[in-house]
Amino acid sequence: QVKNFVLNDPAFGETLEARRQALLEGGLRIHTGLDPALQSEAESAIGSVLTSGSDPSGALVSMDPRTGVVRAYVGGKDFWSDASNAKFDLAGQGVRQSGSSFKPFVLAAAIESGIGLSKKYDAPGELTIPLDDGQEWKVRNYDGSARGSLDLIEATVKSVNTVYAQLILDVGPQKVTDLATSMGITSPLEPFPSSALGTNEVTVLDMASGYSTLAGDGLHIEPVFVT
């Protein structure tokens, strides 16, 4: 991330080669916001859970929502190993489906559209929804169980897929993806109804940035790696 910051900023040299020399050979003193203690805890948090030498891998990003400063960043298991993917930044480059962690963006878009948290939806275990293109969207709760009638708070607490499927259609998938982008998601988002359930692929950095907007009372600040 620091390399990208320097190599892509003309302030460090008129050409890419000049910037490369400044970064790797010249006299730059670079300050980051990484907190050594938090960085150590972040690496331990992943290492203590993912103990196997093979997949799955994990990544972690921690940032201050008030300033955007990244305090801890784990992009993989061992950057210095001989593994073929060791130097791949899983936190900032690796994309995965976000799953139900995308639902707060749907909820935020609903609130912005004037839908109150007290609005209730039926929450069957399974639901078939006809779409505008003539297709059918079949949605199932994680455990397949029905939840009766739920307001949006309970549906969020219990992460009920069938409620959120109805909610994104009421709000509009495009409004949801537009808001998520404005909140910090930089990966391309397709405005499909299934995006409510996190089918779009995003990075860990995207999600940390987006969630920091929620933690920052709706004010988005871009992640800051170099202070």
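The notes below deal with the structure included here. No experiment lies behind these values; they were computed from the predicted model shown.

1. Notes on the packing of helix α4 (residues 103–112) against helix α7 (residues 173–182)
Then, number 1: Where α4 meets α7, the closest approach of the two axes is 9 Å, and the angle between their N-to-C directions is 110°. Here α4 lies roughly perpendicular to α7, going by the angle between them. Packed against α4, whose contacting residues are Phe105, Val106, Ala108, Ala109 and Glu112, the element α7 presents Lys175, Val176, Leu179 and Ala180 at the interface.
Then, number 2: Class assignment for the residues of the contact of α4 with α7 results in seven nonpolar, no polar and two charged.

2. Looking at the pattern of salt bridges
Then, number 1: What the rule picks out here adds up to eight salt bridges.
Then, number 2: With its nearest N and O atoms 3.8 Å apart, the salt bridge here joins Asp35 to Arg71. Pair noted here: Asp35 is in the loop between α2 (16–24) and α3 (36–49) and Arg71 is in strand β2 (residues 70–74), with a separation of 36 residues, a long-range link.
Then, number 3: By relative accessible area, Asp35 is classed as partly exposed at 22%.
Then, number 4: Looking at Arg71, the relative accessible area reads 29%, which means it is partly exposed.
Then, number 5: A salt bridge links Arg66 to Asp64, with the nearest nitrogen and oxygen atoms 2.9 Å apart.
Then, number 6: Salt bridges sharing common partners tie together Glu17, Arg20 and Glu25.

3. Observations concerning a nonpolar patch on the surface
Then, number 1: A cluster of nonpolar residues, Ile111, Leu117, Ile153 and Val157, forms a patch on the protein surface that exposes about 360 Å² of accessible area.
Then, number 2: On the secondary structure map, Ile111 appears in helix α4.
Then, number 3: When its relative accessible area of 46% is taken as the criterion, Ile111 is described as partly exposed.

4. Here's the deal with the side chain of Asp89
Then, number 1: Inspection of the secondary structure puts Asp89 in the loop between β2 and β3 (96–97).
Then, number 2: Polar contacts involving the side chain of Asp89 include one to the side chain of Tyr73, which spans 2.7 Å.
Then, number 3: In this structure the side chain of Asp89 is engaged in a polar contact, spanning 3.2 Å, whose partner is the backbone nitrogen of Gly92.
Then, number 4: Look past the residues within four positions of Asp89 in its chain and what remains in contact with it is Gln1, Tyr73, Gly75 and Gly94.

5. A few points about the nonpolar core
Then, number 1: Ranked by size, the top nonpolar core spans 32 residues in total, and within it Val106 and Leu167 carry the most contacts.
Then, number 2: Those elements giving two or more residues to this core turn out to be α4, β4 (120–123), β6 (136–140), α5 (152–157), α6 (161–171) and α7.
Then, number 3: Once residues within four sequence positions are removed from consideration, Leu167 is found in contact with Val106, Ala110, Ile115, Tyr121 and Leu152.

6. Here we look at α2
Then, number 1: The complete set of buried residues in α2 reads Arg19, Ala22 and Leu23. Seen end-on, α2 carries its buried residues on one side only, within an arc spanning 95°.
Then, number 2: Tucked inside the fold, the buried residues of α2 contact α1 (2–7).

Criteria and thresholds
- Residues numbered from 1 in each chain as written.
- Predicted model: local features only at pLDDT ≥ 70, side-chain atom pairs only at ≥ 80, totals over all residues.
- Heavy atoms only, no water.
- Axes fitted to C-alpha atoms, helices over the stretch in contact; angles between N-to-C directions.
- Helix = DSSP H or I, 4+ residues; strand = E, 2+ residues; numbered from the N terminus.
- Parallel < 35°, antiparallel > 145°, perpendicular 65-115°, else oblique.
- Contact = heavy atoms within 4.5 Å.
- Nonpolar A, V, L, I, M, F, W, Y, C, P; charged D, E, K, R; others polar.
- Salt bridge = Lys/Arg side-chain N within 4 Å of Asp/Glu carboxyl O.
- Buried < 20%, exposed > 50% of the residue type's maximum accessible area, 1.4 Å probe, protein only.
- Patch = residues over 30% accessible without salt bridge, like charges linked within 9 Å, V, L, I, M, F, W, Y side chains within 5 Å.
- Areas by Shrake-Rupley, 256 points an atom, 1.4 Å probe, with all protein chains shown as cover.
- Polar contact = N/O pair within 3.5 Å; in protein donor to acceptor, adjacent residues only side chain to side chain.
- Core = buried A, V, L, I, M, F, W, Y, C linked by side-chain atoms within 4.5 Å.
- Arc of directions from axis to C-beta.

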